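Residue-level structural notes
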Amino acid sequence: MTTIFITGGAGFIASAFVRLLLAEQPDVRIVNYDALTYAGNLENLTGVDEVRHVFVKGDICDRTSVTSAVPENCEAIFNFAAESHVDRSILSADEFLRTNVIGTQVLLDAARAKGVRRFVQISTDEVMGSLPDNSGLFFSEDSPLRPNSPYAASKAAAEFVVRAARETHGVDAVITRCGNNYGPRQFPEKLIPLMIANAMNDQPLPVYGDGRNVRDWIHVDDHCRAIWLAYEKGAPGEAYNIGARNERENIDVVRSILNALGKPESLIKYVEDRLGHDRRYAIDPSKAETELGWTPRITWEAGLASTIDWYRENQTWVEHIRSGDYRAYYDRMYGARLNASGSNPA
Ligand code: NAD
Ligand code: TYD
């Protein structure tokens, strides 16, 4: 058996990673370490094997707790745990720097102390900043790190502490930088689940600015397969950009969701833009394709349809979130925006 330690496994992407590995890697045993912040949800792990998967509640910034939780003979640490939402980082950046930067350093130290063979840092394309509209430019592994939001800055800083651990202490580390994920169990603060949840409840769909910002969307399971291949085949010290060549304007994504749910476009409400809103993300995934042998399997059309179906069939999951602290967050983020009398540009 290969034992791995993953962090943030009660969140969206890492819970999908757990499910994928348990289904496709029969020799893998997982220790899943998560602080259960607002985004961590044990319901995301419902039905998961309890023999090959062990859940441990803990904070990645807590050195003592991390060191005792990383098992002996641990083959790899996959660091997914993070504060992950740009809008929250605009409201307050402290927790982003604490978890995303200090937490990564604590995990790197634990990897050394425990003789862990490889460290996989789950990063994001957002560390590379924003690309101009219609420029034909793409993010490559050589693009400079030019983060624009506090979230992106904290993830870029995390990449630098990973690099420093490698250069200084010889830690074997690889970094993955993926674009925007979608799929089941994504917290409804992010664009796609927020719009699905609001549309299902006949509530306004708040589109920032002119709605023409571009994101490069990928199904979470395709991202998770790439992370596993980066662990298996990635060269030490290398970064891999992960993307499905699937750029979409936000407004088109929102319209597709309304269409699929049979809801009217009159639910769309253009609202005040996000501060420092990155215009376009677009990834060139050639290196991952060539060096890792990775290609995405899930088309946008099939992936979006199955994601919408999941939210339709799991309304209790959504309602558990929407009935908790989420309400206060939503009011703070959208109350004034939705009450402002904006004009719809489209
Ligand atoms: P998420 O917000 O859904 O989940 C984050 C998880 O981390 C939660 O379970 C939370 O409880 C846990 N966590 C937070 N702080 C912690 C701490 N101090 N100690 C231990 N656990 C803690 O995030 P996600 O969307 O699943 O993203 C996972 C990772 O992937 C993040 O590192 C993010 O930067 C990266 N990423 C996300 C996307 C995306 O589109 N969502 C794209 C590229 C990269
Ligand atoms: P988001 O899902 O927060 O991901 P990120 O900012 O990390 O790319 O947002 C995706 C895009 O959708 C981004 O351009 C901001 C926009 N957006 C809205 O227009 N309205 C919303 O309510 C949210 C949450 C996002």
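Residues numbered from 1 in each chain as written. Chains lettered and ligands numbered in written order. Predicted model: local features only at pLDDT ≥ 70, side-chain atom pairs only at ≥ 80, totals over all residues. Heavy atoms only, no water.

1. Thoughts on the packing of aromatic side chains
Applying the stated criterion to the full structure yields 20 aromatic pairs. Ring centres 6.3 Å apart and planes at 40 degrees place the aromatic pair F139 and Y281 in the tilted group. One end of the pair, F139, is in the loop between strand 5 (118-124) and helix 5 (150-169); the other, Y281, is in the loop between strand 12 (268-271) and helix 9 (286-292), and 142 residues separate them in sequence. Accessibility classification places F139 together with Y281 in one group, the buried group. Taking 4.7 Å as the distance between ring centres and 50 degrees as the angle between the ring planes, the aromatic pair formed by W228 and Y231 counts as tilted. (Phe/Tyr/Trp six-rings, centres within 6.5 Å; stacked < 30°, edge-to-face > 60°. Helix = DSSP H or I, 4+ residues; strand = E, 2+ residues; numbered from the N terminus. Buried < 20%, exposed > 50% of the residue type's maximum accessible area, 1.4 Å probe, protein only.)

2. Considerations on the sheet that holds strand 1 (residues 2-7)
The strand order 3-2-1-4-5-6-10 describes an open sheet built from 7 strands, whose pairing is parallel. If you trace the sheet from one side to the other, it starts and ends with strand 3 (53-57) and strand 10 (239-242), each paired once. Between one strand axis and the next, the sheet turns through 20 degrees on average, direction left out of account. Sheet contacts for helix 1 (residues 12-24): strand 1, strand 2 (28-34), strand 3 and strand 4 (74-79); angle to strand 1, the most-contacted strand, approximately 165 degrees. Contacts between helix 4 (residues 94-113) and the sheet are confined to strand 1, strand 4 and strand 5, with strand 5 contributing the most and set at about 165 degrees to the helix. (Pairing = 2+ DSSP bridges. Axes fitted to C-alpha atoms, helices over the stretch in contact; angles between N-to-C directions. Contact = heavy atoms within 4.5 Å.)

3. Details of the sheet that holds strand 11 (residues 247-249)
Read across the sheet, 3 strands follow the order 7-9-11 without closing on themselves; strand pairing throughout is mixed. The open sheet is flanked by strand 7 (180-182) and strand 11, the only strands paired with a single partner. Strand after strand, the sheet turns through a mean of 50 degrees between neighbouring axes, direction not considered. Here strand 7 pairs with strand 9 (residues 214-219) via 3 bridges, running parallel. Looking at the pairing, Y182 lines up with H219 of strand 9. In this fold helix 8 (residues 250-261) packs onto strand 9 and strand 11, with an angle of close to 80 degrees to the strand it touches most, strand 11.

4. Observations regarding the side chain of R337
By secondary structure assignment, the location of R337 is in helix 12 (residues 326-339). Within the buried set, R337 has no salt-bridge partner at all; the shortest N-O distance to an opposite charge, 4.9 Å, is to E272. Excluding residues that lie within four positions of it along the chain, R337 makes contacts with Y208, K269, V271, E272, D273 and R274. (Lys, Arg positive; Asp, Glu negative; His and termini not counted. Salt bridge = Lys/Arg side-chain N within 4 Å of Asp/Glu carboxyl O.)

5. Focus: the site of ligand 2
As a matter of local geometry, ligand 2 sits amid 19 residues, with E126, R215, R274, H277 and Y334 nearest to it. Within the contact set of ligand 2, an oxygen atom lies 2.8 Å away from a side-chain nitrogen or oxygen of N250. The fraction of the free accessible surface of ligand 2 (510 Å²) that becomes covered by protein chains is 97%. For the shell around ligand 2, the secondary-structure elements that each account for two or more residues are helix 3 (86-91), helix 6 (191-200) and strand 8 (205-208). Broken down by element, the residue count for the shell around ligand 2 peaks at 3 residues, all from strand 8. Classifying every residue of the shell around ligand 2 gives 8 nonpolar, 5 polar and 6 charged. (Near = heavy atom within 4 Å. Polar contact = N/O pair within 3.5 Å; in protein donor to acceptor, adjacent residues only side chain to side chain. Areas by Shrake-Rupley, 256 points an atom, 1.4 Å probe, with all protein chains shown as cover. Nonpolar A, V, L, I, M, F, W, Y, C, P; charged D, E, K, R; others polar.)

6. Regarding the packing of helix 4 against helix 5
The N-to-C vectors of helix 4 and helix 5 enclose an angle of 20 degrees; their axes lie 8 Å apart at closest approach. Viewed along their axes, helix 4 and helix 5 adopt a mutual orientation that is roughly parallel. Crossing handedness for the pair helix 4 and helix 5: right-handed. In this structure, helix 4 uses F96, L97, N100, V101, T104, Q105, L108 and R112 to contact helix 5, whose residues at the interface are Y151, S154, K155, A157, A158, V161, V162, A165 and H169. When the residues that make up the contact of helix 4 with helix 5 are grouped by side-chain class, the tally is 10 nonpolar, 5 polar and 2 charged. (Parallel < 35°, antiparallel > 145°, perpendicular 65-115°, else oblique. Left-handed = near helix turned anticlockwise from the far one by under 90°.)

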